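Working through the structure, step by step
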Amino acid sequence: MKEQSRGVLVALEGIDGSGKSTLAATLHRRFTANGIPALATREPGGSLLGKALRELLQHRQCTINPQAEFLLFAADRSQHMQEVVFPALNQGILVISDRLADSSLVYQGYGKGVDQKMIQSINSWVMSNREPDLICYLAIDQQTAHERITARGKKLTTFEKESAVFIQRLIDGFENLYANKKNVIRLDGTQSADRVANEAYEKITAWLKQNQ
Ligand code: ADP
Ligand code: TYD
């Protein structure tokens, strides 16, 4: 059954270092300032359980096979949808999620060979068949994203230590997934943060005007 909700769900997708967190914060600030109630959240880690799972996944002390890894992200997603996303959507709030279901399809599916049909079906299950209304895809090359992550100077997570070959597979995965998908706003993530945010804000606002 499709969960009924009044709010609009926007997912930000792209590889690590593409600028999703920066964009989520700016969009949240702008929409709120312009009188549109908005919530910025993220996967993994948007719920309390998610924070624990995020820590476990990012700084892992033991081997986690790709299937188990997906199931942990799916557990996070289930909790995140029930605890954070649906309650906000039901209040008519614009929800901006830094990553959502497609990250699993790309990282665990394209990237690590977990069965994509299984991922899609578990994603639909944990999201009560609710899909994002809009996806902002931050397209960026591996090199630029890597330079940004290392320039940040923080300790690298398990995911940020992945090889260039793996990251390229993720980029190909996103490009393939979004080649013919509706409601995807493709943004050039190599532009300045201001330009990316302006374009995203304008396009989301135009969509809201047309669809509400
Ligand atoms: P993500 O959430 O996709 O991993 P972040 O938003 O954390 O990416 O950005 C990674 C780093 O790059 C941060 O240090 C951030 O300040 C910087 N950054 C984000 N967007 C841009 C941009 N458009 N141009 C240059 N640097 C950026
Ligand atoms: P995070 O710090 O949120 O990513 P970013 O650096 O892009 O802000 O770390 C989350 C990591 O988890 C990121 O490398 C992508 C990965 N991930 C998956 O592999 N599958 C998923 O389903 C999700 C939501 C994230």
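Here we summarise the structure given alongside this text. (Residues numbered from 1 in each chain as written. Chains lettered and ligands numbered in written order. Predicted model: local features only at pLDDT ≥ 70, side-chain atom pairs only at ≥ 80, totals over all residues. Heavy atoms only, no water.)

Next up on the list: the overall build of the chain. Helix and strand counts for the chain come out as eight helices and five strands. Helices and strands in the chain line up, N terminus first, as β-α-β-α-α-β-α-α-β-α-α-β-α. With the C-alpha coordinates of the chain rotated into their principal frame, the extents come out at 45 × 40 × 35 Å. A burial count over the chain gives 50% of its 212 residues as buried. At a minimum sequence separation of 6, the contacts of the chain that also span at least 24 residues come to 82%. Accessible surface for the chain amounts to roughly 10,700 Å². Of this, 51% is attributable to carbon and sulfur atoms. In the chain, which carries 26 positive and 23 negative side-chain charges, the distance between the mean positions of the two groups comes to 3 Å. (Helix = DSSP H or I, 4+ residues; strand = E, 2+ residues; numbered from the N terminus. Buried < 20%, exposed > 50% of the residue type's maximum accessible area, 1.4 Å probe, protein only. Contact = heavy atoms within 4.5 Å. Areas by Shrake-Rupley, 256 points an atom, 1.4 Å probe, with all protein chains shown as cover. Lys, Arg positive; Asp, Glu negative; His and termini not counted. Charge placed at Lys NZ, Arg CZ, Asp CG, Glu CD.)

With that out of the way, let us pick up the site of ligand 2. Around ligand 2, the surrounding shell holds 16 residues, and the nearest of these are D16, K20, Q58, R99 and S104. Here an oxygen atom of ligand 2 sits 2.9 Å away from a polar atom, N or O, in the side chain of R77. Structurally, ligand 2 is housed in the largest pocket. When residues of the shell around ligand 2 are traced back to their parent elements, those giving at least two are helix 1 (20-33), helix 2 (48-58), helix 3 (66-90) and helix 4 (101-110). Among the elements that line the shell around ligand 2, the one with the most residues is helix 4, at four residues. (Near = heavy atom within 4 Å. Polar contact = N/O pair within 3.5 Å; in protein donor to acceptor, adjacent residues only side chain to side chain. 1 Å grid on protein atoms, 1.4 Å probe; cavity = no way out; pocket = protein on both sides within 12 Å on 5 of 7 lines; lining within 4 Å. Sits in = over half its atoms within 2 Å of the grid points.)

This next bit is on the site of ligand 1. Ligand 1 sits among 13 residues. The nearest are G17, K20, S21, T22 and Q191. Measuring from a nitrogen atom of ligand 1, one finds a backbone N or O atom of A193 at 3.0 Å. Relative to its free-state accessible area of 560 Å², ligand 1 is covered by the protein chains to the extent of 72%. When atom positions are compared with the pocket grids, ligand 1 is found to occupy the largest pocket. The element best represented in the shell around ligand 1 is helix 1, accounting for three residues. A breakdown of the residues in the shell around ligand 1 according to their chemical character gives two nonpolar, seven polar and four charged. (Nonpolar A, V, L, I, M, F, W, Y, C, P; charged D, E, K, R; others polar.)

The next point concerns unusual backbone geometry. At the junction of E43 and P44, the peptide bond is cis and its omega measures out at -10° in the coordinates. Here P44 lies in the loop between strand 2 (38-42) and helix 2. Here S128, not a glycine, exhibits a phi torsion of approximately 50°, which is positive. Inspection of the secondary structure assignment puts S128 in the loop between helix 5 (116-126) and strand 4 (134-139). Even without being glycine, N129 reaches a positive phi, approximately 65°. Examined against the element boundaries, N129 turns out to sit in the loop between helix 5 and strand 4.

Another aspect to go through is the sheet that holds strand 5 (residues 184-188). Strand order in the open sheet formed by five strands is 2-3-1-4-5, and the pairing between neighbours is parallel. A single partner strand is all that each edge strand has here, and the edge strands are strand 2 and strand 5. Direction aside, the axes of adjacent strands within the sheet are offset by 20° on average. Pairing geometry for strand 1 (residues 9-13) and strand 4, over four bridges, is parallel. Bridging from a neighbouring strand, L12 pairs with C136 of strand 4. Its contacts with the sheet put helix 8 (residues 193-211) on strand 1, strand 4 and strand 5, and the angle it makes with strand 5 is roughly 165°. (Pairing = 2+ DSSP bridges. Axes fitted to C-alpha atoms, helices over the stretch in contact; angles between N-to-C directions.)

Contact pair helix 3 / helix 5: the axes reach a minimum separation of 9 Å and the direction vectors enclose 20°. Taken together, the axis directions place helix 3 and helix 5 in an arrangement best described as roughly parallel. The two elements helix 3 and helix 5 meet at a crossing, and its hand is right-handed. Contacts between helix 3 and helix 5 involve F70, L71, A74, R77, S78 and M81 from the former and I119, I122, N123 and V126 from the latter. In terms of residue class, the contact of helix 3 with helix 5 is made up of seven nonpolar, two polar and one charged. (Parallel < 35°, antiparallel > 145°, perpendicular 65-115°, else oblique. Left-handed = near helix turned anticlockwise from the far one by under 90°.)

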